[in-house]
Amino acid sequence: MSLWEDIKSTVTEGGKVAADKAKEISDIASYKAQIAQYDATLLKQYRELGKAYFADNREEALAKYPEIAQAIADAADKKAEYEKKCADVKGVRECPSCGTSVSADHAFCPKCGAKMPEAAPVEEEFTEDLVSDFEDAAAENAAATEPAENPEV
Ligand SMILES: [Zn+2]
């Protein structure tokens with residue numbers, strides 16, 4: 001093999017090695033993308049399976065996997081508690097007949113037509129007190145500042 005042929009073959013070999021390396025890197029990137037996609041699928045399906053299992057076998061789950069199942073039960077209770085607080089603040093009430101969430105301005109359930117109970121009167125009194133306190137304070141404030149603001153009146 002002449003020196004030129006030797007160089008040529010080395011360069012060609014080098015190019016081939018570089019191309020192989022590039023292909024390896026792109027293969028790995030593609031495989032990693034596939035792995036991430038299947039990871040996401042696994043996570044989603046495990047979550048669905050876990051939800052379904054817990055819903056169907058709550059007591060068994062609590063006995064077999066006490067830590068995980070108790071954490072789920074506690075979180076679900078807390079979530080419901082805060083959803084109720086949220087609904088209370090917004091004046092949303094639960095229909096006594098079908099359980100639908102009904103906003104405060106409805107006298108009847110829009111789903112089943114049952115009569116909605118009156119809103120808690122305690123909250124209204126509290127709001128009225130606040131409003132009248134505010135009005136008293138505003139009136140006092142206005143009386144105190146009126147001469148200075150309108151000296152000619
Ligand atoms: Zn209803």
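Scoring rules and cut-offs
Residues numbered from 1 in each chain as written. Predicted model: local features only at pLDDT ≥ 70, side-chain atom pairs only at ≥ 80, totals over all residues. Helix = DSSP H or I, 4+ residues; strand = E, 2+ residues; numbered from the N terminus. Buried ≥ 20, exposed ≤ 12 C-beta atoms within 10 Å, placed from the backbone. Contact = placed C-beta atoms within 7 Å. pLDDT = per-residue confidence, 0-100. Expected span 1.5 Å × (residues − 1).

## Some thoughts on the overall build of the chain
(1) Moving on: Counting secondary structure elements, the chain contains four helices and two strands.
(2) Moving on: Element order for the chain, N to C, with α for helix and β for strand: α-α-α-β-β-α.
(3) Moving on: Counting only residues that meet the buried cut, the chain has 3% of its 153 residues in that class.
(4) Moving on: Restricting to contacts in the chain with at least 6 residues of sequence separation, those with at least 24 account for 4%.

## Focus on the confidence of the model for the chain
Any segment with low pLDDT has predicted coordinates that should not be analysed in fine detail.
(1) Moving on: The predicted model of the chain averages 84 in pLDDT, with 79% of residues at 70 or higher.
(2) Moving on: When the elements of the chain are averaged for pLDDT, helix H4 (residues 121-149) gives the smallest value, 60, and helix H2 (residues 58-64) the largest, 97.

## Some points on helix H3 (residues 66-89)
(1) Moving on: For H3, spanning 24 residues, the distance from its first C-alpha to its last is 34 Å, which sits close to the expected 34 Å at 1.5 Å a residue.
(2) Moving on: The element H3 is barely covered by neighbouring structure, given that only one of its 24 residues are classed as buried.
(3) Moving on: Taken from the residues just after H3, Gly-91 is the one with a positive phi, measuring 80°.

## Description of the environment of Asp-88
(1) Moving on: By secondary structure assignment, the location of Asp-88 is in helix H3.
(2) Moving on: For the pair Asp-88 and Ala-104, spaced 16 residues apart in sequence, the C-alpha to C-alpha distance is 9.6 Å.

## Here's the deal with helix H1 (residues 3-56)
(1) Moving on: The terminal C-alpha atoms of H1 lie 78 Å apart, and with 54 residues this matches the ideal 80 Å at 1.5 Å per residue to within 8%.
(2) Moving on: Among the 54 residues in H1, zero count as buried, and that is only a small part of the element.

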